[in-house]
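A closer look at the structure
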Amino acid sequence: MYMDRTYIPSSKKTAVFDLGLELWRDTIVRSAKIQGRLLDTLLDLIHSERVGEVINRSLMRSTTKMLMDLGSSVYQDDFERPFLEVSASFYSGESQQFIECCACGEYLKKAQRRLDEEAERVSQYMDAKTDEKITAVVVKETLTNHMQRLFLMENSGLVNMLVEDKYEDLSMMYNLFRRVPDGHSTIKSIMTSHVKETGKSLVTDPERMKDPVDFVQRLLNEKDKYDNIISTSFGNDKGFQNALNSSFEYFINLNNRSPEFISLYVDDKLRKGMKDANEEDVETVLDKVMMLFRYLQEKDLFEKYYKQHLAKRLLSGRATSDDSERSMLVKLKTECGYQFTSKLEGMFTDLKTSQDTTQGFYAANPSDVGDAPLISVQILTTGSWPTQPCSTCNLPPEILAVSAKFRAYYLGTHNGRRLTWQTNMGSADIKVTFGNGSKHELNVSTYQMCVLMLFNTAECLTYRDIEQATAIPPVDLKRCLQSLALVKGKNVLRKEPMSRDISADDSFFVNDKFTSKLFKVKIGTVAVQKESEPEKMETRHRVEEDRKPQIEAAIVRIMKARRVLDHNSIVTEVTKQLQPRFLPNPVVIKKRLESLIEREFLERDKADRKMYRYLA
């Protein structure tokens, strides 16, 4: 110590202890007889431990500690580098062996176990810096080199895990391949293509198209399934969530009937499907539907259908809950703005006003509460409600009288208004006494009421007689007669001959043997749930027409602000502005530009034909 303090600094020699270490390193540790044997012994002991034998860890710890004390280069050159090379060779062989005989999930468990073992081994008897290096070796040999094969394994790979909801295996895969470059992006792309593939087969399957409610329910189940996988196994990873959203948007819009089907699903749930459910359940269902709604590119088409379905629910009194209806409107307004829902809100206002008007009518005509039929009239503002083709029918005399009185009362209290009866949208309650003595109250449509009232004065009527007397359009009349004569348990009429179809010479009689456990019997109309092909074309045409002024308005807004703009920029800007409602077709935008030029809102630049100028 005295020499270290006095002589060594002045003569610039190595301190005694350090000199002793150097001599130990060069004479003992790196001697030809010892160096190779020491390394082989250490590596053999590690190999023994890897294959399940118990070794003397304290001896290992003191030996590697000695190598570290001799300097980091000694530890790295004499032990760490050969250790990593041997490990790479060991894991390369083992992973090859495992991948031949194990399923993907089992293989991942073994890889995870090996990573845990190596981390523990380092903590017990190696330098902490070795941890990162040995982990990289195990990841490369067991995961990176076999990534594609593991993901695409038949009956157990990534797709199988997604199909079978193997949350644990998926979670392990996600966490393990976080360490692999492109690991997560590969999982994402395989998941995306699988979701697109299954979604595509779901929305283009003609069998599924037959039941719109089931069609949408399957989409919701699919969405729930992948939402669960992402939250449970992928740690709510935003990248995976975005990939899932883009996949759903891709395949939902492959089927141009998706907007109609989603509206029919909401209609089903708000009409009858949620009678026993509490408000929270209804809210949950509506929130899920809104997720699908966000994926729609043709939101304006959904609005068209939703308006029709809402109108039917409100007018037939089949809306289960006013709160749920208004909740859906709030969600649509939040999503698309006031413009989207203003007319829908107008419907609710009309119904409230109609109640007050009906009460006012009976207050002004108290004598009509006697034997005359009671009527409840809903007065609909033309612009707010879906336009219906106004098909008139001949109402029974009893109804005509009270209708005329109401018309006189209404027009007397409001100036300059016109009333048109929409008989195809009404309903009625009528009391019936059958030949067997049973009495019932039937809830029927206005058309069905007109048909049934004819039997007050006739025993038997042919289809031609009924058509002539009521003037109901043939399509509606056939559906009306089918529901009165052919629905089991609701067949208040008899038809001869008995067959599913209605033909011109069929005869109809009151069914005197009719019985029902219920006093009040609701006779539904044989409804066409989905639109027929011509109706579909008609709706599509109306939507296309409605889009034209919206596209023109967007062009004028943009040009007013920019004054001069080239064609491609206009198309981009218009698409961006209108995307929340629908995806405008560039060809249609071009036609609207031509139309605006003709009407002198814009002009083409004389030097450059692709540039447009705004004419104020």
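This text goes with the structure placed above it.
Model, not experiment: these values are computed from the prediction.

1. Describing a negative patch on the surface
Side chains of Glu279, Glu280, Asp281 and Asp323 sit close together on the surface and give a patch of like negative charge. A total of three residues in the negative patch trace back to one element, the largest contributor, which is helix α15 (residues 279-295). Tracing the chain through its elements places Glu279 in helix α15. Residue class for Glu279 comes out exposed when judged on its relative accessible area of 56%.

2. A few points about the packing of helix α3 (residues 35-50) against helix α4 (residues 57-69)
One can describe the packing of α3 onto α4 by two numbers: an axis separation of 12 Å at closest approach and a directional angle of 140 degrees. It follows from the interaxial angle that α3 and α4 lie oblique. Along this stretch, α3 crosses α4, giving a crossing that reads as left-handed. Across the interface between the two elements, Leu38, Leu42, Leu45, Ile46 and Glu49 from α3 touch Arg57, Met60, Thr63, Met66 and Leu67 from α4. Of the residues belonging to the contact of α3 with α4, the class tally is seven nonpolar, one polar and two charged.

3. With respect to the sheet that holds strand β9 (residues 611-614)
One open sheet holds the three strands; their spatial order is β7-β9-β8, and the pairing between them is antiparallel. Because the sheet does not close on itself, it has two edges, and the strands there are β7 (564-566) and β8 (602-604). Here the strands of the sheet are splayed against their neighbours by 30 degrees on average, with no regard to which way each runs. Sheet topology places β7 next to β9; three bridges connect them, and they run antiparallel. Its bridge partner lying in β9, Val564 is registered against Arg613. Contacts between helix α24 (residues 567-578) and the sheet are confined to β7 and β9, with β7 contributing the most and set at about 90 degrees to the helix. Each of β8 and β9 touches helix α25 (residues 586-598); the most contacted strand, β8, lies at about 105 degrees to it.

4. Description of the pairing of strand β2 (residues 439-445)
Within β2, five of the seven residues are buried, leaving the element largely enclosed by the surrounding structure. Where strand β1 (residues 427-433) meets β2, seven bridges bridge the pair, whose relative direction is antiparallel. Bridge pairing links Thr433 to Lys439 in β2. Between β1 and β2, which follow one another and run antiparallel, lie five residues, and Gly437 among them has a positive phi close to 90 degrees.

5. Quick look at the packing of aromatic side chains
To describe a pair of aromatic rings, you give the distance between the ring centres and the angle between the ring planes. A complete count under the given rule lists 19 aromatic pairs for this structure. Ring centres of Phe248 and Tyr295 lie 5.7 Å apart, and the angle between their planes is 35 degrees; on these two criteria the pair is classed as tilted. One end of the pair, Phe248, is in helix α13 (residues 238-252); the other, Tyr295, is in helix α15, with 47 residues separating them in the sequence. Feature note: the residues Phe361, Tyr362, Phe406, Tyr409, Tyr410 and Trp421 constitute an aromatic cluster, connected by ring pairs. The cationic tip of Lys299 hangs over the ring face of Phe293; the distance from NZ or CZ to the ring centre is 5.7 Å.

6. Details of the nonpolar core
Counting residues in hydrophobic clusters, the biggest one holds 97 residues, and the most contacted among them are Phe79, Leu108, Phe177 and Tyr306. When residues in this core are grouped by element, the largest group, ten residues, is from helix α5 (residues 72-101). Not counting chain neighbours up to four residues away, the residues in contact with Leu108 comprise Leu143, Leu150, Met161, Asp169, Met172, Met173, Leu176 and Phe177. In this structure, Ile399, Val451, Tyr463 and Leu481 belong to the second largest nonpolar core, which totals 32 residues.

7. As for helix α20 (residues 446-454)
Of all the nine residues making up α20, seven are buried; the element is thus mostly covered by neighbouring parts of the structure. Of the positions making up α20, those classed as buried are Thr446, Tyr447, Gln448, Met449, Cys450, Val451 and Leu452. Here the buried face of α20 lies against α19 (397-413), β1, β2, α21 (463-470), α22 (474-485) and β4 (493-496).

8. A word on a nonpolar patch on the surface
There is a patch of nonpolar side chains on the surface, built from Met3, Tyr7 and Val16 and spanning about 280 Å² of accessible area. Structurally, Tyr7 can be placed in helix α1 (residues 2-11).

Conventions and cut-offs
- Residues numbered from 1 in each chain as written.
- Predicted model: local features only at pLDDT ≥ 70, side-chain atom pairs only at ≥ 80, totals over all residues.
- Heavy atoms only, no water.
- Patch = residues over 30% accessible without salt bridge, like charges linked within 9 Å, V, L, I, M, F, W, Y side chains within 5 Å.
- Areas by Shrake-Rupley, 256 points an atom, 1.4 Å probe, with all protein chains shown as cover.
- Salt bridge = Lys/Arg side-chain N within 4 Å of Asp/Glu carboxyl O.
- Lys, Arg positive; Asp, Glu negative; His and termini not counted.
- Charge placed at Lys NZ, Arg CZ, Asp CG, Glu CD.
- Helix = DSSP H or I, 4+ residues; strand = E, 2+ residues; numbered from the N terminus.
- Buried < 20%, exposed > 50% of the residue type's maximum accessible area, 1.4 Å probe, protein only.
- Axes fitted to C-alpha atoms, helices over the stretch in contact; angles between N-to-C directions.
- Parallel < 35°, antiparallel > 145°, perpendicular 65-115°, else oblique.
- Left-handed = near helix turned anticlockwise from the far one by under 90°.
- Contact = heavy atoms within 4.5 Å.
- Nonpolar A, V, L, I, M, F, W, Y, C, P; charged D, E, K, R; others polar.
- Pairing = 2+ DSSP bridges.
- Phe/Tyr/Trp six-rings, centres within 6.5 Å; stacked < 30°, edge-to-face > 60°.
- Lys NZ or Arg CZ within 6 Å of the ring centre and 35° of its normal.
- Core = buried A, V, L, I, M, F, W, Y, C linked by side-chain atoms within 4.5 Å.

Scope: geometric values only; no functional claims are made or implied.
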